[in-house]
2 protein chains.
Amino acid sequence: MNNWLGMFPGSPSAEAASTEEMARSELLQVFPDLKFNLHINPVLTDSFSIEETEGNIINISGGNSGILYGAYFHILNHFSGTKISYPYSSSPMYPLRMINCWDNADGEVERGYSGRSLFFDGGRLNYDCDRLRHLGRLLSSVGINVLCINNVNVHDPAQLLLEDYLPDLEKLAALFRPFGIRLMLSVDFSQPMRHSIPTADPLEPAVQNWWKETADRVYRYVPDLAGFLVKADSEGRPGPFSYGRNHADGANLLARALKPHGGVLVWRCFVYNCRQDWRDTSVDRPKAAYEHYSWLDGSFDDNVILQIKHGPFDFQVREPLSPLLLGMSSTNLALELQLAQEYTGHQIDIYTMMPLWKEIFEELPANNIMSMAAVSNLGNDENFTGHPFAAVNLFGYGLFSWNPSLSPETITRLWVRLTYSLPETDITRLAELLLSSRRTYEKYTAPLGLNWMVTPHTHYGPNPSGYEYDLWGTYHKADRCAVGIDRTVSGTNYLSQYPEHLQRKYGDPSSCPDLYKLFFHRLPYDYILSDGRTLIQRIYDDHFEGYQEVCLMEETLSSIDFPEPDASVIRKRIVLQKANAREWRDVINTFFHRLSGIPDKQGRKIYD
Amino acid sequence: MNNWLGMFPGSPSAEAASTEEMARSELLQVFPDLKFNLHINPVLTDSFSIEETEGNIINISGGNSGILYGAYFHILNHFSGTKISYPYSSSPMYPLRMINCWDNADGEVERGYSGRSLFFDGGRLNYDCDRLRHLGRLLSSVGINVLCINNVNVHDPAQLLLEDYLPDLEKLAALFRPFGIRLMLSVDFSQPMRHSIPTADPLEPAVQNWWKETADRVYRYVPDLAGFLVKADSEGRPGPFSYGRNHADGANLLARALKPHGGVLVWRCFVYNCRQDWRDTSVDRPKAAYEHYSWLDGSFDDNVILQIKHGPFDFQVREPLSPLLLGMSSTNLALELQLAQEYTGHQIDIYTMMPLWKEIFEELPANNIMSMAAVSNLGNDENFTGHPFAAVNLFGYGLFSWNPSLSPETITRLWVRLTYSLPETDITRLAELLLSSRRTYEKYTAPLGLNWMVTPHTHYGPNPSGYEYDLWGTYHKADRCAVGIDRTVSGTNYLSQYPEHLQRKYGDPSSCPDLYKLFFHRLPYDYILSDGRTLIQRIYDDHFEGYQEVCLMEETLSSIDFPEPDASVIRKRIVLQKANAREWRDVINTFFHRLSGIPDKQGRKIYD
């Protein structure tokens, strides 16, 4: 297995019982002769500083986790190729840097593209300790400190994590503790009803009491549990709406049970009508989260965190920032990203996410949020992430959550350099390929912010009308003249949820950036974009270019000498990606050509 | 349970060991005081005659099965309301009247809409004897005499029917034998390879020998087995093509193993490229069966029967007759129908098939075929067929296979009268509703022979482009100007597979019946149909009318006093059908409106 920690000769220590012991063990494993001191000051928590004294002694100071992060920093910095000189100190921007695993108790991973669960099998916790210590090292080395191990869709019998499985959970928490990683659990809002309580109403004392007792019990086994994560009233999950309560009632219920133990309650804001009638144009799905939550700003307890997807839909290739992230100034917020490539190529197609995240923070003031979360791309594949390049997203997520002002280029080049021993020119070529991969994917899939022209259910491959007459609220309404939904004041007025400067930016088709055009506007095919091309010609061009770029990616990759087993995996997957890009190119071009009747100006082949 | 045999007070005899004993028992169960004689002449096989002597003695003469059919005829005739007077004699048009069950060993029924398997559960034969005797009575009462119990897609461990499960199969055959019903088995062409034979090549002596020994063994347990049924080289099933052999080689291999035992080998002709590239216009799926088989006419052994679906696609609502049924004069043919409502409403929507079958025989000379087969609509639902009205298709299939000159009206009225005790006006209204139900379904689903605008996989509900860019060869290529595939000489030339009179009938858009227009021709939306309407207006009209007709059906049904449990089932399902019809209406109309931009002349609501 090749990853950014290839400098380690062996497994992380199974004996280290604290972050300090782990830091010591990890440093000595890579540098057996290193002279160093660790100075812990718990108040510093995750922060660390490193200095090098005369006699080449390395002094690492920091909080309990900080010294371990310092140790990993020292190791990675040594192999980075662009070594940062000491003294150096660092603090994370966000105290919680979370990974959400969508793992089911049966071992399946929902939207998982790198094998089965690392934590579960056969309906219970069931894992390889050595494997998980490697995972602990991977996560900790990039500063990830919270791991939610089970799916937000809590299917039977995952509820038992709060009950019968607590002794097993205690052991798992102990395994990750020396890595500075605290566990979190997804919980089922209706769980009290499994215990002879006839309701899960958050205002019902019996329910409040059940959650309090449950939290007390859980914390007896796992005293440093980070908290609970909840998906409620969403895509069939139970929630407060069943009892005529709002989501502050629901979140505060659980938060109060966690409060005495210092736990946080993370409440996902992915709430929308997933039984929409496509005929009903009065509903526009992107408006849902803001409508459900913005009026509740200030109603949430101080240990509640609302976890908000970066865009108003669902992890599409091109979405504007969710307006809810700009509209909750009196509430703790977490930004939710998705490392799992659900809509972005299933870890078959190469898709590097840092450019997307950078765009998010161009609109999102970094201190609007207090925490980061990402849906995991992990599984029990040998390399943890399916495609070896998918690891760059995990690596990047960690670094970016620590310091969102890092550039995608810096992160990507660092990952390449740490992962592969390649000539300088190949490092540059590979980093450039990775950095451009998202734009390439966007070109051959979703044109100009249109989204959702994807195969239903699997979410891989093109199906331009797959969701067009479905219940999910994801329509493009392409007809023979025009395409897209008008989300300005003359249409659904989704735009009104934004601050004024963004309303100005997106509201007028002529000022709206081309890549967001069809997210906000319904436009005729002959609409002239800012670069002078017509909308339809731009669709054709992007799709032809996207495929061509994948062909060039294949050439580039075939000329780089990757080690095995990565070389084989990369070779096989780029062939699949090329077939996928070709299918997207032809299906989307044909779809719009049949509708518009407008030929490609360059006369390239569009199938009838 | 209400069905056409409601006059029976109890279960069929578990003691009757022969058709004669069964005939006697069944007659006495309905008419305890009946005086009758049974005269068997085995040469007469299925034929029977009935006369009534002085003293009201009923004499039934016939072959072994014939006397049982005579007995059932006498019973049904008595309750028919339009009693046929004696003497009366009858012979079936076709000696084999087969039902193909698509039941898997695990108890699932592929494309089954009336519950789980009646024969299998948990990987083996597992059934309720009393239930199966009721089934035997149902089938035998309408002359069905061959029952293929397992799916043509032979999934593990159904192969064991030829091996470990033979003792159980022997018992099942004994159960059905007194009903004149012989079992048939679907077999896996590659089964020899499960027995250390490295190939399934039909010209390989070891393979021939394995099949011979296998047939010998099977017939030791079931001496009257009707034979084997095979789906080969189709949708992933193994077949002769793997070994560079043709389908005569494959069919004759098995036929020769069956020959000494008097068994037939039924070989399905559902062979086509199911991995087609939608871009490749040189391939046209309806041409496949004729291309694969017609040149082999005369190469099949005399105990081979080629089983050919009625249309060249796959049980769509509107297909022309398969040209293969007209092009194999030196080969034994079976016509394959589908009672399971795969594409025709899942036994939720009402869909009576006799009008379709009548149309088939308008083009198909009755003696072109020597046998009838139908995919089963049976399952372990209380009423066997899910919707109580789906029973009319089973009933009708039996009568129609006996005598294809019977009119749909006669069959339908007889079924209604036998099934429900209703006032004469309601009998007429229900029969009319059933007889018009297929046309209604056609109106709100597939316009003018277009087909396949259906939700992939489930095949219920609309999805106009669901298969448009897929691998299945089922495209409509609708664009802003026109829709359909030109299958004439100027297009794919599928038409050339037909005899001249049908080429003339279908070849010219002006003479081609409107309902087949889009099967054979690509036409612009403003094309004028034979009734003076434009193509697009006709699409709109049909879809609005189809929904309206379902609303009227609901009214009619609510005014008829059905007995329970049928009343509840009928009431629930018509609501679902109405929702389905509405969805089809709006999705198809919107789809074509977006493409064509042409408004409805009557100004009815078409959603944007």
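Scroll up to find the structure this text is about.
The structure displayed is predicted, hence computed values, not measured ones.

(A) The arrangement of the interface of chain A and chain B in detail. Contacts between the two partners involve 22 residues from chain A, matched on the other side by 22 residues from chain B. Summed over both sides, the interface between chain A and chain B buries roughly 2200 Å², with carbon and sulfur atoms accounting for 49% of that surface. The largest share of the area that chain A buries against chain B comes from Arg279, Arg480 and Arg594 of chain A, three residues that together contribute 36% of it. The interface formed by chain A and chain B includes eight salt bridges. A salt bridge links Glu583 of chain B to Arg279 of chain A, with the nearest nitrogen and oxygen atoms 2.6 Å apart. For the side of chain A that touches chain B, the per-class residue count stands at eight nonpolar, three polar and 11 charged.

(B) Helix H10 (residues 408–419) of chain A, seen in detail. Residue and element names in this part refer to chain A. Taking 1.5 Å per residue as the helical rise, H10 with its 12 residues ought to reach 16 Å, and the 16 Å between its terminal C-alpha atoms agrees with that figure. By the burial criterion, the buried members of H10 are Pro408, Ile411, Thr412, Trp415, Val416, Arg417, Leu418 and Thr419. On its buried side, H10 packs onto helix H2 (64–79), helix H8 (354–363), helix H9 (391–402) and helix H11 (424–444).

(C) A look at the relation of the copies chain A and chain B. Mapping chain A onto chain B calls for a screw motion: a turn of 180 degrees about the axis and a shift of 0.0 Å along it, with 0.0 Å RMSD after fitting. Such a combination of rotation and displacement between the chain copies is what one expects of a two-fold axis. By residue overlap, the copies meet face to face through one surface: 100% of the interface positions of chain A are interface positions in chain B.

(D) Summary view of the pattern of salt bridges. All names here are of chain A. By the definition in use, this model includes 94 salt bridges over all chains. We note a salt bridge from Asp314 to Lys309, for which the minimum N-O separation is 2.5 Å. Comparing Asp314 with Lys309, the two get one shared label, buried.

(E) Fine view of the environment of Gly461 of chain A. By the element assignment, Gly461 of chain A lies in the loop between H11 and strand S15 (482–483). In sequence terms Gly461 of chain A and His346 of chain A are 115 residues apart; their C-alpha atoms lie 10.0 Å from each other.

Analysis parameters
- Residues numbered from 1 in each chain as written.
- Chains lettered and ligands numbered in written order.
- Predicted model: local features only at pLDDT ≥ 70, side-chain atom pairs only at ≥ 80, totals over all residues.
- Heavy atoms only, no water.
- Contact = heavy atoms within 4.5 Å.
- Buried area = accessible area lost by both parts, 1.4 Å probe.
- Salt bridge = Lys/Arg side-chain N within 4 Å of Asp/Glu carboxyl O.
- Nonpolar A, V, L, I, M, F, W, Y, C, P; charged D, E, K, R; others polar.
- Helix = DSSP H or I, 4+ residues; strand = E, 2+ residues; numbered from the N terminus.
- Expected span 1.5 Å × (residues − 1).
- Buried < 20%, exposed > 50% of the residue type's maximum accessible area, 1.4 Å probe, protein only.
- Least-squares fit on C-alpha atoms with pLDDT ≥ 70 in both.

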